[in-house]
Structure formats: structure tokens, C-alpha cells
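Architecture at a glance
One-letter residues, chain by chain:
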There are 2 protein chains.
Amino acid sequence: MKGAIDLSGIDPAFHQQVDLLARDMSAHGVRRDEPVRTTFAMLGDRWSTLILLVLGFGTWRHAELRRVLGRLGAEEKISQRVLTLKLRAMERDGYVVRHVVPTVPPRVSYALTDLGAELRDHATGLIGWVNAHQQEIRKARVRFDLAEADAD
Amino acid sequence: MKGAIDLSGIDPAFHQQVDLLARDMSAHGVRRDEPVRTTFAMLGDRWSTLILLVLGFGTWRHAELRRVLGRLGAEEKISQRVLTLKLRAMERDGYVVRHVVPTVPPRVSYALTDLGAELRDHATGLIGWVNAHQQEIRKARVRFDLAEADAD
DNA sequence: CGGTATCCTAAAAGATACTG
DNA sequence: CAGTATCTTTTAGGATACCG
């Protein structure tokens, strides 16, 4: 982690492996619109991971979910439109089920599917890891920002 | 995964737990600019995970890295500017080291730190999981799109 | 070669008003 | 209540030219 980069690793033979690497990565579902990409994009957007975690606690109606997300201190609040958008995307990928009781007005509720619950477990795993290393990350940021300020 | 939502879960007592939940989630580093959020956002953006994976294979110069990313079939190609941006963000958070040999022109290379390597392991774990379930996801999409088309 | 500056486009997200 | 429609703001990302 110091300045210990091994430059000897940079040689022509190494770079001829690039095409192999490329094929390897493509097999990792790295292309646009493939599940891997869209799922990562989902987890990385402003709300979906939060929604995933909250739905992990049970079944919620649309309006309730909106209020809860607003109370997390994480962000301001999610607009009705965006919540609908996110839930629909998660439903489309099979992470969420939408249940409608056709009264007037209809009662609509959302919950995780088994697949969604598994994804949530992976997400919490990663959250746990980042949390465990947050001091390291914060220190790196301070170091970087100081070094940058020094350069001026 | 069927229509098996337990609506009995929706009761007032349940919702009085919301504040507890909120505190719980805040402790999960769910706020803006906190490592958890920024790291997830990073993994979810267009290039960072790809960069993480490629750097997992060794040490790369800036231009080489750019060429490799362009060959992955994943996207078109990354602009010089964006690659610099992404690498800098990853360096700032301590996931990447930048090494400069001050020749003219200087040789600059990038590699993962130990922290970055750990993050890459988590990322590949998640990639593996999604890949293992991609058929499930694709089927859900088809089902959803058909149901939507039916509605018209 | 690596990086920066400038400009531009596309996509995500927010605000608000409206409907069944 | 849930969802849609419309408009505006914000942000990520790309194109290009230039510098040390």
C-alpha cells in the first residue's frame, strides 16, 4: 500500500493477455443491460439499496415506504414518481413483489421476493465490510486532500 | 415469491418501529458522502467496477488501461477525462495507488491497494451471485414485460 | 503520455399538479 | 392512495483541443 508498485509487471507478454482478459470479463456479464450491470447500477443509485434494506424489514405500502425513506436522514425525500420508478424496476427484475387489493382506492403493498432477500443479504454484507473499513477510507481521503492542498 | 405477501404485517405497532429502523439504518452509514454510499455509488457507475476488475489483474499505465477498457465489449470507450476522474476518486478513497516515475514524459501507473483488492473480492462475489441467478432475472423481466403488454 | 479545460448531451432525479 | 404527466434541475459522461 506504500509506493510498492511492481513496474516489472508491465511487459509485452503481460499485455498480450489482454484479449483473454477481455473474454473473461465479457463472461462476467459486464455488458450493458445484462443483469450484472443493471443490478450494480441499481445498488449504486440514490434509493434502491435503501429500498432493499427497508423492504427487508417487512411489507410496506407505497406511501408508508415513502415516509420511512424520508426519515432515514440519508437524503431529503424521494419523490412519488421516483419511488414508483425504482419499485417497478426492482419488480421487473424479480427482486420485489407488488400486491394489489382492489378496493377503492386500491391498497398496494410491496415486499422482497426470495431473490430480493438474497440480494439484500449480499448488500448488507458489503455494507458491513465498508463500515468495518470506514476509518481506513476516511484517513485515505484526508491524506489525499492534504497532499492535493500541498501541491498548491 | 408467488403472491404470498403477509399483509398482517402492516399494523400500527409495526410502524412505530420506524424510528428504530431509521436509527439502525443511519448507523449503517447510509448518509450522503459516507463511505458506504460513495462506495456503492462507485460500484454502480459506468466504469469503476470494470476498472477495479482490470486492476485486479495487475499494474497498468493510464493509456493501457484505457485501451483495455475499450476492448471489453462492455461499453464503447472511456474518455481520458473520465478515466482520470474515476481513478482519482478510487485513489482518494484508498482503493487505488498511483505511482509516478518522473521521466519526460512521466510514466504513471495504477494498481489496487490491499483495501482495493478486498473490495474487488466482494465485487466478484456479487458478480458471481448475479450471474448464477441471471436466468431467474431474465425470466422475471420477460414475465413483467408480457404482463405489461397484456394490460394494453 | 498523462492531465486539464471547455463545451455539450443524455440521463437521473426532484417539484408540482392532476386522475381514477 | 397510488400512479401519471409535465416541467425543471442536476449530474454523469463524452468530444475535442491543448499543455508540460
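Small disclaimer: the values here were computed from a predicted structure and weren't measured.

What follows concerns the overall build of chain A. When helices and strands are tallied, chain A shows eight helices and three strands. Reading chain A from its N end, one meets helices and strands in the order α-α-α-α-β-α-α-β-β-α-α. The long-range fraction of contacts in chain A, counting pairs at least 24 apart against all pairs at least 6 apart in sequence, stands at 45%. In the form shown here, chain A has an accessible surface area of approximately 7,900 Å², with 53% of it arising from carbon and sulfur atoms.

Let us look at the confidence of the model for chain A. Residue and element names in this part refer to chain A. For chain A, per-residue confidence averages 83 on the pLDDT scale, and 78% of positions sit at 70 or higher. Averaged pLDDT values for the elements of chain A fall to 48 in helix α1 (residues 12-15) and rise to 97 in helix α6 (residues 80-92). Here residues 1-16 is a poorly scored stretch, pLDDT under 50, and it has 29 contacts once near neighbours within four places are set aside; other chains count.

So, on to the protein's contact with DNA strand C. Around DNA strand C, the structure places 19 residues, and the nearest of them are Lys86(A), Ala63(B), Gln80(B), Arg88(B) and Arg98(B). The sugar-phosphate portion of DNA strand C accounts for 62% of its atoms within 4 Å of the protein, the bases making up the rest. A distance of 2.8 Å separates a phosphate oxygen of DNA strand C from a polar atom in the backbone of Ala63(B). Note that a phosphate oxygen of DNA strand C is positioned 2.6 Å from one of the side-chain N or O atoms of Arg98(B). Looking at the surface near DNA strand C, the elements that each hand over two or more residues are α6 of chain A together with α5 (62-70), α6 (80-92) and β3 (107-112) of chain B.

Below, the discussion takes up the packing of helix α4 (residues 48-55) of chain A against helix α7 (residues 114-132) of chain A. Residues and elements named next belong to chain A. Contact geometry for α4 and α7: axes closest at 10 Å, N-to-C directions at 115°. Taken together, the axis directions place α4 and α7 in an arrangement best described as roughly perpendicular. The two elements α4 and α7 meet at a crossing, and its hand is left-handed. Contact with α4, carried on its side by Thr-49, Leu-52 and Leu-53, involves Gly-116, Leu-119, Arg-120, Ala-123, Thr-124 and Ile-127 of α7 and no other residues of that element. Taken together, the residues of the contact of α4 with α7 break down into five nonpolar, three polar and one charged.

Criteria and thresholds
- Residues numbered from 1 in each chain as written.
- Chains lettered and ligands numbered in written order.
- Predicted model: local features only at pLDDT ≥ 70, side-chain atom pairs only at ≥ 80, totals over all residues.
- Heavy atoms only, no water.
- Helix = DSSP H or I, 4+ residues; strand = E, 2+ residues; numbered from the N terminus.
- Contact = heavy atoms within 4.5 Å.
- Areas by Shrake-Rupley, 256 points an atom, 1.4 Å probe, with all protein chains shown as cover.
- pLDDT = per-residue confidence, 0-100.
- Near = heavy atom within 4 Å.
- Polar contact = N/O pair within 3.5 Å; in protein donor to acceptor, adjacent residues only side chain to side chain.
- Axes fitted to C-alpha atoms, helices over the stretch in contact; angles between N-to-C directions.
- Parallel < 35°, antiparallel > 145°, perpendicular 65-115°, else oblique.
- Left-handed = near helix turned anticlockwise from the far one by under 90°.
- Nonpolar A, V, L, I, M, F, W, Y, C, P; charged D, E, K, R; others polar.

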